[in-house]
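# Working through the structure, step by step
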Amino acid sequence: MNAPDHHPFVEDPGSPLPPLEGHVSLGRFERVLRAGQFAVTSEIAPPDSADAEEVYRRAALFDGAIDAINATDGSGANCHMSSVAVCALLSHIGYSPILQISCRDKNRIAIQGDVLGAAAMGVCNVLALTGDDVSAGDHPEAKPVFDLDSISLLSTIKTMRDESKFLSGRKLDMPPKIFAGSSINPFVPPVENRVDQLKKKIDAGAEFIQSQYCFDLTILKDMMARAVDAGLTERAFILPGVGTLASARTARWLRTNVPGVYIPDEIILRLEGAENQKREGQKICVELMQQVKEIDGVHGVHIMAYKQEEFVREMVAESGVLDDREAWAPEDTGAIA
Amino acid sequence: MYSLRRFATRHSRAFEAFYNFAEPVILPIMSGLSKLSGGRLDAPMTWVEKQAKGALFDCQMCGNCVLSSTGMTCPMNCPKTIRNGPCGGVRENGNCEVKPEMRCVWVEAWDGASRMRGGDKIHTVQFASDRSKRGTSAWLNILKQRELEAAGRVKSAPPRTQ
């Protein structure tokens with residue numbers, strides 16, 4: 001390594017990977033996808049704490065089971081440790097985090113600064129989100145920003161990366177090598193236009209897509225078939241989102257109170273009828289992962305296991321979606337696991 | 001006015017036809033008046049635009065009008081001011097996640113666009129609005145932009161990704 005001593009990547013495992021042709025980033029997540037492997041991602045809720053060890057503890061729960069870790073950005077408009085910080089910490093010890101950027105809290109000046117700063121600290125992936133409104137969270141009195149939306153944010157990242165300049169036109173000395181993605185929700189109105197929305201995101205620069213919770217595969221399959229027909233799955237990697245539901249009560253609560261969560265009645269009835277609802281919720285998640293993998297045009301799966309992160313490894317193993325592959329993990333997990 | 005706004009979306013095709021007919025008339029008149037008055041009529045013309053578009057579309061005077069690309073539905077009425085919507089939080093009944101009593105602006109926009117001859121423009125990626133133009137006349141801004149482009153003096157175009 002020629003990096004100076006103070007550089008965070010002076011030692012493995014956090015060293016950036018050597019560049020590969022046809023790749024926009026130096027990260028592992030893009031490599032897994034471009035190599036044609038079925039990728040698995042999940043997310044950590046950044047802690048309400050200034051403790052870096054807590055971030056490492058939460059990440060270690062996924063070791064060997066997932067290819068990239070999303071760090072949510074004030075999800076549900078609730079305040080937590082910043083996603084930039086979580087991703088910097090994780091990159092430092094070799095993980096492949098996905099930096100979620102929500103347009104709710106920052107304007108284009110702050111966001112472009114964050115993209116550069118995150119890339120400098122080794123972050124290779126960004127998920128562009130518009131974000132929940134402040135009224136959904138624990139600081140409803142905050143000023144919502146929404147200077148950009150998710151699609152403008154994708155254009156912004158693409159401008160910075162491919163044209164090596166800020167939106168103002170001012171040149172960057174070194175562009176951020178970011179693999180950019182965004183989210184979709186195929187289950188809410190206007191359902192018939194969701195594939196158009198997907199196309200707009202890909203046109204704007206999305207190279208991967210993670211979706212909102214999928215509990216209704218009929219709707220997902222319909223959208224995927226249209227995406228395949230439109231050639232969209234050749235242009236971006238699609239990772240539908242699956243989730244664990246702790247109980248029928250949780251499912252009902254989520255469906256009523258969290259914007260954009262669609263859970264069909266059958267799923268709730270199945271949970272209600274189960275002896276162990278939590279276990280049943282995990283079984284549903286495993287089945288969904290297996291079924292999602294069979295859908296044409298799907299390149300991976302994103303697991304949302306809020307407050308059930310410790311079961312992700314088990315569920316991935318049970319589903320067999322990784323086949324014989326084991327995802328990357330730091331060598332010495334004993335100290336932090 | 002909410003009911004008029006919904007009316008405009010339902011009749012987006014008629015409004016589109018009217019606009020396509022009126023634009024080549026209104027813009028040159030505005031341009032002439034602006035020049036003749038040395039800019040002194042810009043404020044009254046902006047007022048007229050605000051009243052007309054405000055009544056029909058709940059126009060928020062962002063100064064970067066994209067109505068013809070958004071199914072004749074003003075995206076600045078979206079609580080998140082999304083220019084490429086909708087977001088993923090739309091309610092099952094098609095209403096807004098932030099204002100449950102309001103129809104999602106973008107559900108309306110896609111619906112409006114489907115009735116328009118030039119409705120395909122909704123597929124074009126729009127960049128975020130230029131906030132420095134807030135409160136100014138979008139029509140006069142179009143004229144200024146055209147003059148700058150004609151003179152080859154466009155400083156920095158917004159990102160074009162298509």
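Residues numbered from 1 in each chain as written. Chains lettered and ligands numbered in written order. Predicted model: local features only at pLDDT ≥ 70, side-chain atom pairs only at ≥ 80, totals over all residues. Heavy atoms only, no water.

Of the residues lining the interface, 34 residues belong to chain A; the matching set on chain B comes to 32 residues. Between chain A and chain B, the buried area comes to about 2,600 Å², and carbon and sulfur atoms account for 55% of it. At the boundary of chain A with chain B, the tally comes to one salt bridge. The tally of links between chain A and chain B comes to 13 residue pairs in polar contact (both at pLDDT 80 or more). Elements supplying a minimum of two residues to the side of chain A that touches chain B: α5 (150-163) and α6 (194-204) of chain A. Per-element accounting of the side of chain A that touches chain B gives the leading share, seven residues, to α6 of chain A. (Contact = heavy atoms within 4.5 Å. Buried area = accessible area lost by both parts, 1.4 Å probe. Salt bridge = Lys/Arg side-chain N within 4 Å of Asp/Glu carboxyl O. Polar contact = N/O pair within 3.5 Å; in protein donor to acceptor, adjacent residues only side chain to side chain. Helix = DSSP H or I, 4+ residues; strand = E, 2+ residues; numbered from the N terminus.)

All names here are of chain A. If you walk around this closed barrel you meet the eight strands as β1-β2-β3-β4-β5-β6-β7-β8, and the pairing is parallel. This sheet shows a mean twist of 25 degrees between the axes of neighbouring strands, independent of strand direction. For strand β4 (residues 125-129) and strand β5 (residues 179-184), the ladder comprises four bridges, and the chain directions are parallel. Among the inter-strand pairings, Asn-125 is bridged to a residue of β5, identified as Phe-179. (Pairing = 2+ DSSP bridges. Axes fitted to C-alpha atoms, helices over the stretch in contact; angles between N-to-C directions.)

The next thing to look at is helix α5 (residues 138-150) of chain B. Residue and element names in this part refer to chain B. Taking 1.5 Å of rise per residue, the 13 residues of α5 would be expected to cover 18 Å, and the 18 Å separating its terminal C-alpha atoms lies within 8% of that figure. The complete set of buried residues in α5 reads Ala-138, Trp-139, Leu-140, Asn-141 and Leu-143. On the buried face of α5, the contacting elements are α2 (12-36) and α3 (42-57). Its side-chain oxygen at 3.3 Å from the backbone nitrogen of Trp-139, Ser-137 defines the N-terminal cap of α5. Backbone geometry just after α5 places Gly-152 at a positive phi near 65 degrees. (Expected span 1.5 Å × (residues − 1). Buried < 20%, exposed > 50% of the residue type's maximum accessible area, 1.4 Å probe, protein only.)

A few words on the packing of helix α11 (residues 277-293) of chain A against helix α12 (residues 312-319) of chain A. Residue and element names in this part refer to chain A. Running from N to C, α11 and α12 cross one another at 50 degrees; their axes reach a closest spacing of 9 Å. In terms of orientation, α11 and α12 fall into the oblique class. Every pair of crossing elements has a handedness; the one defined by α11 and α12 is right-handed. Mapping the contact onto sequence places Arg-279, Gln-282, Cys-285, Val-286, Met-289 and Gln-290 in α11 and Met-315, Val-316, Glu-318 and Ser-319 in α12. When the residues that make up the contact of α11 with α12 are grouped by side-chain class, the tally is five nonpolar, three polar and two charged. (Parallel < 35°, antiparallel > 145°, perpendicular 65-115°, else oblique. Left-handed = near helix turned anticlockwise from the far one by under 90°. Nonpolar A, V, L, I, M, F, W, Y, C, P; charged D, E, K, R; others polar.)

What follows concerns unusual backbone geometry. Cis geometry marks the peptide bond from Pro-189 of chain A to Pro-190 of chain A; its omega dihedral reads -5 degrees. For Pro-190 of chain A, the position within the fold is in the loop between β5 and α6. With an omega of 0 degrees, the peptide bond running from Gly-85 of chain B to Pro-86 of chain B counts as cis. With a phi angle near 45 degrees, Thr-81 of chain B is a residue other than glycine that sits in the positive phi range. With respect to the helices and strands, the residue Thr-81 of chain B is situated in the loop between α3 and α4 (105-115). Using a relative accessible area of 18% as the deciding quantity, one classes Thr-81 of chain B as buried.

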